[in-house]
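Read off the chains here:
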Amino acid sequence: MTSKNLAGLYDLPPLEWAAVDAALVDIGDQAPGGRGPDRHSHWLTTVNADGSPHTTGVGAFWDDGAFYVVSGRGVRKGRNMEREPRCTIAVAADDYDVVVDGVAELVTDAGVVAHIAEIAADGGWPATVDESGTALTAPYSAPSAGPAPWHVYRVTPTRANALWVRDPGGATAWSFD
């Protein structure tokens, strides 16, 4: 990984990726009413077939250095990620505004899908693995996810940038190998 201090102009030191990584893990409860106005919405931008951007709110989970996004395969974001895997996820964590560019890949490993179901349930969304072992189901999801089952996509970071929103501030960009 390489980094670039974006706040050197203000004599601020570069941010540490480990602190940003920890903040992404600690996003907290995403269930309806879970954190009220303090919730942390994730915004996924994919590429439409005509090359234009498509941005939508998603349920996303940061685990082991990657974002995991849940979507129906037939809805626009699912179709977009499968056709053109380059995408971006943005989120405002408690201490950082973070944007991660990456490459999406459909997760078919039953163990990984089960692990993401556990993370989702711990975060307030009662997801379980469906009978196929490769998708999730739950009593509810965002309407934009389409009907169950919902599939899991791993977004492996290629680049990221973060803005520290606490004093004294700072901003850093990272490129991942």
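This structure is a prediction, so every number in the text was calculated from the model and none was measured. (Residues numbered from 1 in each chain as written. Predicted model: local features only at pLDDT ≥ 70, side-chain atom pairs only at ≥ 80, totals over all residues. Heavy atoms only, no water.)

A. Region of the structure containing the overall build of the protein chain. For the protein chain, the count of helices and strands is 3 helices and 11 strands. Listing the helices and strands of the protein chain from first to last along the sequence gives β-α-β-β-β-β-α-β-β-α-β-β-β-β. Its C-alpha atoms give the protein chain principal-axis dimensions of roughly 55 × 35 × 30 Å. Summarising the internal contacts of the protein chain: among those between residues at least 6 apart in sequence, 60% fall at separations of at least 24. Only carbon and sulfur atoms are counted for the fraction: they give 53% of the accessible area of the protein chain, which is about 9000 Å². Taking the average location of the 12 positive side-chain charges in the protein chain and that of its 23 negative ones, the two points are 10 Å from each other. (Helix = DSSP H or I, 4+ residues; strand = E, 2+ residues; numbered from the N terminus. Contact = heavy atoms within 4.5 Å. Areas by Shrake-Rupley, 256 points an atom, 1.4 Å probe, with all protein chains shown as cover. Lys, Arg positive; Asp, Glu negative; His and termini not counted. Charge placed at Lys NZ, Arg CZ, Asp CG, Glu CD.)

B. Here's a closer look at the environment of Gly146. With respect to the helices, strands and loops of the structure, Gly146 is situated in the loop between strand S9 (136-137) and strand S10 (151-164). Between the alpha carbons of Gly146 and Trp17 there is a distance of 34 Å; along the sequence they are 129 residues apart.

C. Here's a closer look at helix H3 (residues 110-122). Taking 1.5 Å as the rise per residue, H3 with 13 residues should run 18 Å; its terminal C-alpha atoms sit 18 Å apart, in good agreement. By the burial criterion, the buried members of H3 are Val113, Ile116, Ala117 and Ala120. In an axial view of H3, the angular spread of the buried residues amounts to 105°, which keeps them on one side of the axis. Along H3, exposed side chains directed more than 90 degrees from the buried face belong to Glu118 and Asp122. Those residues of H3 that are buried lie in contact with strand S4 (60-63), strand S5 (66-71), strand S8 (128-129), S9 and S10. Sitting at the amino-terminal end of H3 is Asp109, which places a side-chain oxygen 2.8 Å from the backbone nitrogen of Gly111. (Expected span 1.5 Å × (residues − 1). Buried < 20%, exposed > 50% of the residue type's maximum accessible area, 1.4 Å probe, protein only. Arc of directions from axis to C-beta. Polar contact = N/O pair within 3.5 Å; in protein donor to acceptor, adjacent residues only side chain to side chain.)

D. Quick peek at the packing of aromatic side chains. Per the counting criterion, the structure on display carries 5 aromatic pairs. Ring geometry for Trp17 versus Trp62: centroids 6.1 Å apart, planes at 70°, classification edge-to-face. With Trp17 in helix H1 (residues 17-25) and Trp62 in strand S4, this residue pair connects regions lying 45 residues apart in the sequence. When the ring of Trp125 is compared with that of Trp150, the centres are 5.8 Å apart and the planes differ by 50°; the resulting orientation is tilted. With Trp125 in the loop between H3 and S8 and Trp150 in the loop between S9 and S10, this pair connects stretches of sequence that are 25 residues apart. Trp150 matches Trp125 in its accessibility class, with the two residues each being buried. Among the aromatic residues, those joined into a ring-pair cluster are Trp17, Trp62, Phe67, Trp174 and Phe176. (Phe/Tyr/Trp six-rings, centres within 6.5 Å; stacked < 30°, edge-to-face > 60°.)

In short, geometric facts, not functional conclusions.
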